Amino acid sequence: MITCEGEESGGGTSRGRGVLEGAFALLEAVEATGEAGLTALAARSGLPKTTAYRLLEQLAGLGVVEHHGHGYRMGPRLFRLGTGWQPHPGLRAASNGPMQRLSGVTGASVGLCVLREGRTMAVLGVAGMAEHLAPIRPGATWPWHAAAGKLVVATAPPGAPLNPLPESWRREASAIRDSGLALDREELVPGVCCVAAPVVAAGDGVVGALCAMVDPSYDLRQLGRAVAQTARAVSAGLHGPLAVRNTQTPTGPPATHMAHR
């Protein structure tokens, strides 16, 4: 347990919150550095060195971080907990097979993304042709105006914490809602185009965006049809096994024969 003295006395709640904030500041420092010593982690987290040492040792005792040489790095317990996170129950299980098949048919790098803290964040990823330019790793983030982020923002209830939005956004958001697709034509990464479609859960609306990244020579209209079909298959998978059997993921020519623009 991560503890601090006097937690049960008056003001204990605020002190306990301060300890948790310090522990998370250290975890963010470890994540940012990959591995670092006490002095560097204390400086990066803004904590006194003695406090940082006490918290790191408690985190190490819990398996959240681990010692490596004279430094600290992420521990296996945090990895196990983190890989279990998903934005909607069953979403990872419903997505994995369709995403693999979409990548196999198109050759695209395929991701499942959500919007968190104003940025597009990957939940799952399948390596494909864009891997060398834009690898998709769970937890990786991009600006909100990646194709997947634009899709989620365009379909979100009013009040998303992204203001001020560009003046052109209202028109683009309307086009995304009308077509059910969001596009990125090398807007974020030169040499990478992306198409995203919504994953929808009954009662919760859009819970994520399925995206596929390819090189600029691909026919994005054809890719968009495959991405939309796969997103529907994932959405159906959230509604039960019967729906999955009645919804097919895309079939078509192998990636090397995909039509170009």
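Preceding this section is the structure that the text describes.
Here the structure is a predicted model, which means the values were calculated and not measured.

The rules behind these values
- Residues numbered from 1 in each chain as written.
- Predicted model: local features only at pLDDT ≥ 70, side-chain atom pairs only at ≥ 80, totals over all residues.
- Heavy atoms only, no water.
- Helix = DSSP H or I, 4+ residues; strand = E, 2+ residues; numbered from the N terminus.
- Buried < 20%, exposed > 50% of the residue type's maximum accessible area, 1.4 Å probe, protein only.
- Contact = heavy atoms within 4.5 Å.
- Areas by Shrake-Rupley, 256 points an atom, 1.4 Å probe, with all protein chains shown as cover.
- Pairing = 2+ DSSP bridges.
- Salt bridge = Lys/Arg side-chain N within 4 Å of Asp/Glu carboxyl O.
- Core = buried A, V, L, I, M, F, W, Y, C linked by side-chain atoms within 4.5 Å.
- Disulfide = S-S within 2.5 Å.

## Quick notes on the overall build of the protein chain
- For the protein chain, the count of helices and strands is nine helices and nine strands.
- Scored against the burial criterion, the 261 residues of the protein chain give a buried share of 42%.
- In the protein chain, of all internal contacts separated by at least 6 residues, the share reaching a separation of at least 24 is 53%.
- Approximately 13800 Å² of the protein chain is accessible, and the part contributed by carbon and sulfur atoms is 56%.

## What to know about the pairing of strand β7 (residues 182-185)
- The side-chain alternation of β7 yields one buried face, formed by A182 and D184, and one unburied face, formed by L183 and R185.
- By the bridge criterion, four bridges tie β7 to strand β8 (residues 193-201) in an arrangement that is antiparallel. Each residue of the ladder has a partner; that of R185, found in β8, is C193.

## Remarks on the pattern of salt bridges
- Within the structure shown, the criterion is met by five salt bridges.
- Linking R137 and E131 is a salt bridge whose minimum nitrogen-to-oxygen distance equals 2.6 Å.
- Residue classification places R137 among the partly exposed positions, given a relative accessible area of 44%.

## Observations regarding the nonpolar core
- One finds V110, V199, L210 and V227 to be the most contacted residues of the largest nonpolar core, which totals 30 residues.
- Counting only elements with at least two residues in this core, the list comes to α5 (91-106), β4 (109-116), β5 (119-126), β8, β9 (205-214) and α8 (220-237).
- Excluding residues that lie within four positions of it along the chain, V110 makes contacts with M99, L102, S103, L124, G125, V126, I136, L210, C211 and A212.
- Core analysis: the second largest hydrophobic core is formed by 25 residues, I136, I176, A209 and M213 among them.

## Some details on the state of the cysteines
- Under the criterion given, the structure shown has zero disulfides.
- C211 carries a free sulfur, and the closest cysteine sulfur to it, the one in C113, is 4.0 Å from it.
- For C211, a relative accessible area of 4% puts it in the buried group.

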